[in-house]
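Residues per chain are reported as follows:
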Amino acid sequence: MDVAVLGATGDVGRAVCAMLIERRVVPSTSRLQLVGRDGGESGRAVHGLRTDLIDAHDEHAPLIDVGLAPEDVVADVVVVAAGRTASTKPGELITREELAAENRAVFEAYAAALAEHGSGHEVVIVVTNPVELGVSILARELGRHRVIGMGAWLDTLRFRRELAQSLGIRRQRVGGYVVGQHGDAMVPLWSTVRIRGLDDDEQARALTALRGPRSLDDFASEVAAAKARLEEREREGIASAFAEIESWPPDIRAVVRPYLTHQSGAKTANGTAAATADLVDTVLDGRDIVVAGQVALEGEALVGGAPFHGVLGVPLVVTPDGWERVLLDPLAPDEDRRLAEVGAGIGRLVAAAGAVR
Amino acid sequence: MSSPDARWVASIDAVDRTGSLTAVTSVFANRGVSFESLTAVPTDGHGLITIEFTASERLARVLCRTLERLAVVAALRLERVGG
């Protein structure tokens, strides 16, 4: 099946394209569509990127097509990586609200074009931030089950990796989900963590040792304090700041390590692309697979004791038609409180950007 | 709600080179649409591929939009059989 990458020439878009080909997610008989913006730099670069990808992967490259406008998008899975990203330059930090104001027009243009010209069956994976806003706008136009935000899966992979590092094992031996909002307001669900190879008692002891007496009630202030501390350590050098992170708990590391990685100038394109390729592969795979993603809910999850309406990152079953069931088991009290708080914050962000859901 | 299945003929002006037919037929195969007939005739540096198939109007449109994105397809005409 065919995959389109909107914003293909950006840092993340390039990495996504390369990974989709390298991992054979898009086979040689299918088409990978690189979409840029006519008249912009990406409108030129997208032709060069096509050549570069064929140069690199000719042995197994799919058919590669170039699109230059939203109405050119034709694919079974559409990856939305277009739009502005946060600056990596000191003093140029952009808030999620500012990013929302800038990227809203991008989301709306592609949503309208897909609604008008699309097959009615495309599955859309939103990578561009704020991912929750993108999901809200695209779900409104295309139907909510066809739109999945990638952020919660990336946060989930980061949380699992940090847990695995603390335990001295590989990520694939750790389960568990991160829900809520992508980035600083992620909600790591310690109650869902499973460590393969340990029985219940061993696991409980391991997790208690990792987490200590902390709860998610203080998570936002812990993250804020950690970021402030990193700013201090950065003055001594970026290596010093990275070293400081190693001494913090896994859930805090899952938030601040990507933050520092982005600020370092390296950005997080490869990690983002890997999580995105995972999701595309999952959609194309044909089996029902559980991942985490931001989706537009209409009461499928209980948060704060009530059915939640709005965009939220949750564990869910993904199929070739999009997402189906939400698999959010009853949460620990601190997780439920934090998720309710974060959910309300997403609602405010979406409403402030003028996209109502 | 998709319209009922109908019979269609797609006339495809394709570049006459190795792989063109594979690219075109993969578009149908990937979407589970089989051919009722297929002919390929070389014409002055190009190839005319004619495919007859059955699909809903929505799916026929998806197939055409996808075929038009192929580098090997120069032009395409879709006609409904009997309509």
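First, a word on scope: everything that follows refers to the structure included in this document. Just so it is clear, the structure is predicted and the values come from calculations on it, not from any experiment. (Residues numbered from 1 in each chain as written. Chains lettered and ligands numbered in written order. Predicted model: local features only at pLDDT ≥ 70, side-chain atom pairs only at ≥ 80, totals over all residues. Heavy atoms only, no water.)

**Side note on the overall build of chain B**
When helices and strands are counted, chain B shows 2 helices and 4 strands. What you see in chain B, going N to C, is helices and strands ordered as β-α-β-β-α-β. The C-alpha extent of chain B, read off along each of the three principal axes, is 40 × 25 × 20 Å. Burial statistics for chain B: of 83 residues in total, 42% are counted as buried. (Helix = DSSP H or I, 4+ residues; strand = E, 2+ residues; numbered from the N terminus. Buried < 20%, exposed > 50% of the residue type's maximum accessible area, 1.4 Å probe, protein only.)

**Observations regarding the pairing of strand β3 (residues 63-67) of chain A**
A regular strand carries its side chains on alternate faces of the sheet. All names here are of chain A. Most of β3 sits out of view: 4 of its 5 residues are buried. Sheet topology note: the strand β2 (residues 31-35)/β3 ladder contains 5 bridges and is parallel. Considered in β3, the bridge of leucine 34 is made with valine 66. You can see the chain leave β2, run along helix α2 (residues 41-57) and come back into β3, and the turn it takes is right-handed. (Pairing = 2+ DSSP bridges. Right-handed = clockwise from strand over helix to strand, strands pointing away.)

**Quick word on the sheet that holds strand β3 (residues 46-55) of chain B**
Residues and elements named next belong to chain B. The antiparallel open sheet is built from 4 strands, whose spatial order is β2-β3-β1-β4. Here the strands that pair on one side only, and so sit at the sheet edges, are β2 (35-43) and β4 (73-80). Neighbour-to-neighbour, the strand axes of the sheet open up by a mean angle of 15°, direction not taken into account. Two strands pair when backbone bridges link them, and strand β1 (residues 6-15) and β4 are joined in this way by 7 bridges, in the antiparallel orientation. Each bridged residue has a counterpart across the sheet, and for isoleucine 12 the counterpart in β4 is leucine 76. Its contacts with the sheet put helix α1 (residues 20-29) on β1, β2, β3 and β4, and the angle it makes with β3 is roughly 15°. (Axes fitted to C-alpha atoms, helices over the stretch in contact; angles between N-to-C directions. Contact = heavy atoms within 4.5 Å.)

**Some thoughts on the environment of A:Ala8**
Residues and elements named next belong to chain A. Along the chain, alanine 8 falls in the loop between β1 (3-6) and α1 (11-22). Between the C-alpha atoms of alanine 8 and valine 80, which are 72 residues apart in sequence, the distance is 9.0 Å. When near neighbours in sequence (up to four residues on either side) are disregarded, alanine 8 contacts Gly13, Arg14, Cys17, Leu34, Val35 and Leu49.

Everything listed here is a matter of geometry and, on its own, says nothing about what the molecule does.
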